[in-house]
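# Per-entry structural report
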Amino acid sequence: MSTEEAEARLRRVGPNRLPEPPRKNAGTLLVEVLREPMFLLLVLAATLYLVLGDPAEGALLGLFAALSVGLVVVQAYRSERALDALRAMAAPVARVRRDGLVRSIPAAGLVPGDWIVVGEGERVPADAVLREGSAVRVDESLLTGESVPVVKQIALLGHDDPGLPGGEGGVGLFAGTLVVSGHGLAEVVCTGLRTQSGRIGASLASIVVEKTLLQQSMGRLVRVLGLMAGVVSVAVFLLHGLLRGEWMGGALSGIAVAMALLPEEFPMAFAVFMAFGAWRLAQLRILARRPAVIETLGAASVLCVDKTGTLTENRMRVRALLSPEGEAWIDAATREVPEAVHRLLEHAVLASRPDAVDPMDRAVRHAGDATLADTEHLHEDWPLARQYGLTAELLAYSQAWEKDEGGIIVATKGAPETIAGLCGLDATATAAMLAEVARLAAKGLRVLAVAHAGPFDAAPEDPRAVAFTFDGLVGFEDPLRPSAPQAIALARSAGIRVVMITGDFPATALAIAAQAGIDTAAGALPGAEIAALDDPALDAAVARVSVFARIRPEQKLRLVEAFKRRGEVVAMTGDGVNDAPALKAAHIGLAMAGGGTDVAREAAAISLLEDDIGHIVDGIRMGRRIFDNLRKVLLYVVAMHVPIAGLALLPVLLGWPPLLLPMHVVLVEMVVDPICAIAFESEPGERDLMMRPPRAAAAPLLGAPQLLLGALQGLFVLGGVLGLHVAAVARGIAEDEARTLAFIALTAGNFALVRINGARGPALPRLFERGHRAFWIVVAAATAIVATCVLWPAAATLFGFAPPGMPGTLVALGVGVGAAALFEPLKGWPPVRRALGG
């Protein structure tokens, strides 16, 4: 094709790439954040106070609003850009024949009709049909989940249908697959969204990403509290205006009450927890693309794992050697094998290309180097005389070598039936060999047979023209990741059901599942049977079966949806294009990003930058810890809102001068409380974190029991602070100083509630134990802020404070801590212990 024609076609069909998902800019993110009712009220309150009240106070309120909104926007913006670097690392290049020359161009520039050069070790850049080639074998595991390469045939001119991936003897090469042996020329027939991987990627657009359980729970809680705050604040405004005729003061008091009742700290605490959670996971090489999903990991009740590349290492390793004289089972630690299999392994090595991409050739070479070193069975100095490529007519690969002492020896390996034919085995011997093949296959192994012929004076023209001697069978496995059994055992101990969903054969799937510790009692349910089941029947099947084999991409999606219909919280792992729809549909999608595809990473909420399934358990532990600590901090926030709302509302109802102004409310809720939330975030997980079942999907973040406990704690602090203020006024202390004493007591109660809610058991007796460094740092920081507001004249004037003496300060501190500590003895009461999660 000429360059001009290629450019014209490119304008017609578009570039050979998947459209990138829409990226949100800072402005779009800002609009989304401001749709949240709490943030919107904060901004509106700052604006109204700026117009109606003191400009300095309004400006400070606006600063608090900008900082809180900005934190959430920045975190969301960083998450949106988190995968750009991974995508840039994988920009593909294609070798294409244009204008009579072969040149390298970006794969995005390919068009239908281009002829591309494909070779060993290269990714196929577009869907194509093979026009010329020699011994082309392709690893299609990213599309099919099948880890064994398949042989490709040459397509006749005029035949432009690549067919479907998977199976031997096809003519199609598919975008993203890997050529493991051979070379050839292929004609591009589909690009971009029209490729097999593109169609899967396009199907992702129809899958709706659900809000996380925590977001749903928080949304319900915020709506209830927002409605309550709106009603009360309007009532305060009307009461103040009608009874006193002070509409301006009524508007500002209404704002103060609304802000006191609304949990502005909820999104701030949520942002802090998700930001720190994403950072902690990053230290484990886990990238949270949607940080809110981190918490949902803790609620996962079903973990769907793909076999190839997730449980296994997606490579081949020699596991079994069976010769007529004996057999040997080897693993990564094996350094020698019995003499009975030496000749078998020797000829298997001779039938494998040096420096090959083919995973089976590499596995044989590695086994030979590991177990035949320093023996006469390795022949690294023999020159290669000839190669005989694997074809559709002869499913065996052969190599001829020149021996040191002269003569040519030919070694071959391939399909057992083919090798039996080359060796001239009779029916009885062939049946016995196939029985051994079946025995190995039942253990999940791929099996090749090995034979040799010679010596000859010259390399034969056709390996079928000579008589071979049968050497035996070699069994290959895709080895289980070392971390997989322990990770699955930990998941099961945490009450999480682990199921395997794979495109591989049932026998292989069951063997790997048994090694990994997945339940195989119900056997494997193949994709052909799933296709015949309606949704109710499939729902019943997933309740008992834990291994699903020969599964197509759309069936993975059906299985995820079936688990979701049963009320399960589904986590799905995978690395291939075929996993992407299920990754996006699951509550938690976990992409194995190290060897995975861009489509899988884009679909998943979380990417494991190192392909280690053990990190999933770390993520689950982190999710449970985040939920526990987030519930603790929100219980604390509820407790703190009771005295704040009471101190803002009661003086209005009782006709007293205002005790807490909007400035004080914002100081507590937007500065002191969020700083204290950091102390909760750093709390270590409870000891039984991974020994309890997942929480129910419908379990609220804060239910009625937790709200009642928070209200009770708050009433204790409110009673102490209000009593202190009344006593101070009765003793003739000035209004500003009395307000300052009340605020100091409120702050001390705040600190005490942090520790009280930080542990399910008694907290104050262990206040000075190691492990609470973050708490003391937070106390120091918040104390410095409050001290600045009290002692710095300009800030004291702005907040209406007057510095009290040391005796009064100590009394205020004691009142605040003592009032909060009244809740400590109640922790041993069973209803309270249950509400706290004990």
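Residues numbered from 1 in each chain as written. Predicted model: local features only at pLDDT ≥ 70, side-chain atom pairs only at ≥ 80, totals over all residues. Heavy atoms only, no water.

What follows concerns the overall build of the protein. Each helix and strand in the protein was counted, giving 31 helices and 22 strands. In the protein, which comprises 838 residues, the proportion classed as buried is 55%. Relative to all contacts within the protein whose residues are 6 or more apart in sequence, the contacts with residues 24 or more apart total 72%. Surface summary for the protein: the accessible area is close to 34,100 Å², and the carbon and sulfur share equals 61%. (Helix = DSSP H or I, 4+ residues; strand = E, 2+ residues; numbered from the N terminus. Buried < 20%, exposed > 50% of the residue type's maximum accessible area, 1.4 Å probe, protein only. Contact = heavy atoms within 4.5 Å. Areas by Shrake-Rupley, 256 points an atom, 1.4 Å probe, with all protein chains shown as cover.)

Before going further, it helps to spend a moment on the pattern of salt bridges. Opposite charge on two side chains lets them pair, provided their charged atoms get close. Scanning the model with the defined rule gives 31 salt bridges in all. A salt bridge links lysine 307 to aspartate 504, with the nearest nitrogen and oxygen atoms 3.0 Å apart. Taken together, the residues span a long stretch of sequence, with lysine 307 in helix H12 (residues 307-311) and aspartate 504 in the loop between strand E17 (497-501) and helix H18 (506-516) at a distance of 197 residues. Its relative accessible area of 0% is what places aspartate 504 among the buried residues. (Salt bridge = Lys/Arg side-chain N within 4 Å of Asp/Glu carboxyl O.)

Our focus in this paragraph is the packing of aromatic side chains. Scanning the model with the defined rule gives four aromatic pairs in all. Geometrically, the ring pair formed by tyrosine 636 and phenylalanine 680 is tilted, given 5.3 Å between the ring centres and 40° between the ring planes. Taken as a pair, tyrosine 636 in helix H24 (residues 614-654) and phenylalanine 680 in helix H25 (residues 662-681) lie far apart in primary sequence, 44 residues in all. Across this residue pair, the class does not change: tyrosine 636 and phenylalanine 680 are buried. Centroid distance phenylalanine 799 to phenylalanine 801: 5.9 Å. Interplanar angle 10°. Geometry classified as stacked. There is no split in this pair, since phenylalanine 799 and phenylalanine 801 are both buried. Of the aromatic side chains, those joined through ring pairs into one cluster are Phe743, Phe799 and Phe801. Across from the ring centre of tyrosine 397, 5.3 Å away, lies the NZ or CZ of arginine 353, which sits over that ring. A cation over an aromatic ring shows up here: arginine 550 above the ring of phenylalanine 505, its NZ or CZ 4.1 Å from the ring centre. (Phe/Tyr/Trp six-rings, centres within 6.5 Å; stacked < 30°, edge-to-face > 60°. Lys NZ or Arg CZ within 6 Å of the ring centre and 35° of its normal.)

Where helix H13 (residues 342-350) contacts helix H14 (residues 359-371), the axes come no closer than 9 Å and their chain directions differ by 135°. The angle between the axes of H13 and H14 places the two elements in the oblique class. Two packed elements cross with a definite hand, and for H13 against H14 that hand is left-handed. On H14, the residues touching Leu345, Ala348 and Val349 of H13 are Val364, Arg365, Ala367, Gly368 and Thr371. Of the residues contributing to the contact of H13 with H14, the split by class is five nonpolar, two polar and one charged. (Axes fitted to C-alpha atoms, helices over the stretch in contact; angles between N-to-C directions. Parallel < 35°, antiparallel > 145°, perpendicular 65-115°, else oblique. Left-handed = near helix turned anticlockwise from the far one by under 90°. Nonpolar A, V, L, I, M, F, W, Y, C, P; charged D, E, K, R; others polar.)

Quick look at the confidence of the model for the protein now. Model confidence for the protein is summarised by a mean pLDDT of 82, while 82% of its residues fall at 70 or above. Contacts for the low-pLDDT stretch residues 85-90, under 50 throughout, to residues beyond four places or in other chains number ten contacts. (pLDDT = per-residue confidence, 0-100.)

Turning to the nonpolar core, a few remarks are in order. Core analysis: the biggest nonpolar cluster contains 102 residues, and Leu311, Met500, Ile518, Ile588 and Leu746 have the highest contact counts within it. The dominant element in this core, judged by the number of residues it contributes, is H24, at 16 residues. Here isoleucine 588 is in contact with Val293, Thr296, Leu297, Ala300, Val569, Val570, Ala571, Met572 and Ile606, once residues within four sequence places are set aside. Ranked by size, the runner-up nonpolar core spans 24 residues in total, among them Leu394, Ala400, Cys423 and Leu440. (Core = buried A, V, L, I, M, F, W, Y, C linked by side-chain atoms within 4.5 Å.)

Counting buried residues in H13 gives eight out of nine residues, a clear majority hidden from the surface. On its buried face, H13 is in contact with strand E10 (317-323), H14, strand E13 (396-402), strand E14 (408-414), strand E15 (446-456) and strand E16 (469-477).

This brings us to the sheet that holds E13. Spatially, the seven strands line up as an open sheet ordered E11-E10-E16-E15-E14-E13-E12, and their pairing is antiparallel. Sheet topology places strand E11 (326-329) and strand E12 (384-388) at the edges, where each strand pairs with a single neighbour. Strand-to-strand twist across the sheet, computed as the mean angle between neighbouring axes with direction ignored, equals 20°. Two strands pair when backbone bridges link them, and E14 and E15 are joined in this way by six bridges, in the antiparallel orientation. Each bridged residue has a counterpart across the sheet, and for isoleucine 408 the counterpart in E15 is phenylalanine 456. Together, E10, E11, E15 and E16 form the strand contacts of helix H16 (residues 427-442), whose direction differs from that of E16 by roughly 10°. (Pairing = 2+ DSSP bridges.)

What follows deals with the pairing of E13. Judged by how many residues are buried, E13 sits mostly within the fold: six of seven residues are covered. Where E12 and E13 come together, four bridges link them in antiparallel fashion. Residue leucine 384 lies in a different strand from E13, and its bridge partner there is tryptophan 401. Alignment of E13 against E14, held across seven bridges, turns out to be antiparallel. The residue of E14 that forms the bridge with glutamate 402 is isoleucine 408.

What follows concerns a nonpolar patch on the surface. On the surface, a cluster of nonpolar side chains totalling about 1,000 Å² of accessible area is made up of Val234, Phe237, Leu238, Leu239, Leu242, Leu243, Trp247, Leu653, Leu654, Trp656 and Val726. Among the secondary structure elements, those contributing two or more residues to the nonpolar patch are helix H8 (213-244) and H24. For the nonpolar patch, the element with the most residues is H8, which contributes six residues. Position of valine 234 among the secondary structure elements: in helix H8. For valine 234, a relative accessible area of 47% corresponds to the partly exposed category. (Patch = residues over 30% accessible without salt bridge, like charges linked within 9 Å, V, L, I, M, F, W, Y side chains within 5 Å.)

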